[in-house]
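Take a look at the letters that make up each chain.
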Amino acid sequence: MQTTMFKGSSVKLAGNELNVGDKAPIAIATGVDLGDVEVGGAKDKIQLIITVPSLDTATCAAETRKFNTDVNSLDICETTVISMDLPFAADRFCSTEGIENLSVASDYINKDVSRAYGVLMEDNKLKGLSARAVFVVDRSGTIVYKEIVPEVTAEPNYEAALDAIKEAR
């Protein structure tokens, strides 16, 4: 079973443990328009799938703003940030923060994405939220990069994720 940390305490992660080389499962989250947002599987573009606990935290907001800026020039990439926030809150966040280069979606209904990608926090104070993780999926639907951030309150390795996108071209 995979784990992460929250302020130094171990947190178990539930769901399927995926690794580089595995096929990215197709999973459905809810978009800000309440429509389905599908991630995983084979697509015409490289996918950057990012899970965060809540856009309403400083670290998650900073991460989303950073990826929004960094993926702006990457027209080969489809970026989706998935949290447990309600779609209305996610939409408000994007409007307030000027997030235009990526999509946000909510996994609050069935936690399909979090379970499919093995990032659902199973215990501790953050039980039921998604761990901070980054997956890069190539056009064939294969995971070519994975990072489950070791400490939920820390930011991911942006450079490594962006390098993986560029290499997957």
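Residues numbered from 1 in each chain as written. Predicted model: local features only at pLDDT ≥ 70, side-chain atom pairs only at ≥ 80, totals over all residues. Heavy atoms only, no water.

Another point: the sheet that holds strand β2 (residues 9–14). Strand order across the open sheet formed by 3 strands is β1-β2-β8, with antiparallel pairing between neighbours. Two strands lie at the open edges of the sheet, namely β1 (3–6) and β8 (120–121), each paired on one side alone. (Pairing = 2+ DSSP bridges. Helix = DSSP H or I, 4+ residues; strand = E, 2+ residues; numbered from the N terminus.)

An ideal rise of 1.5 Å per residue puts 18 Å on 13 residues; helix α1 (residues 58–70) measures up with 18 Å between its terminal C-alpha atoms. Within α1 the residues assigned to the buried category are T59, C60, A61, E63, T64, F67, N68 and D70. (Expected span 1.5 Å × (residues − 1). Buried < 20%, exposed > 50% of the residue type's maximum accessible area, 1.4 Å probe, protein only.)

Here we have 7 strands laid out as an open sheet, ordered β4-β3-β7-β6-β5-β9-β10, and mixed in their pairing. Two strands close off the open sheet at either side, each with one partner strand: β4 (36–39) and β10 (143–148). Adjacent strand axes in the sheet meet at a mean angle of 30° when their direction is disregarded. Note that strand β5 (residues 46–51) and strand β6 (residues 77–83) share 6 bridges and pair parallel. The residue of β6 that forms the bridge with I49 is T80. Strands in contact with α1 are β5, β6 and β9 (133–137); relative to β5, the strand with the most contacts, it is inclined by about 165°. (Axes fitted to C-alpha atoms, helices over the stretch in contact; angles between N-to-C directions. Contact = heavy atoms within 4.5 Å.)

Summarising the sheet, β1 and β2 pair through 4 bridges and their orientation is antiparallel. Of the residues in β2, the one forming a bridge with T3 is K12. In textbook terms, the turn of a hairpin is the stretch between consecutive antiparallel strands, and for β1 and β2 this stretch comprises 2 residues, one of which, K7, has a positive phi near 50°. Bridging between β2 and β8 involves 2 bridges; their strand directions are antiparallel. Bridging across to β8, L13 finds its partner in M121.

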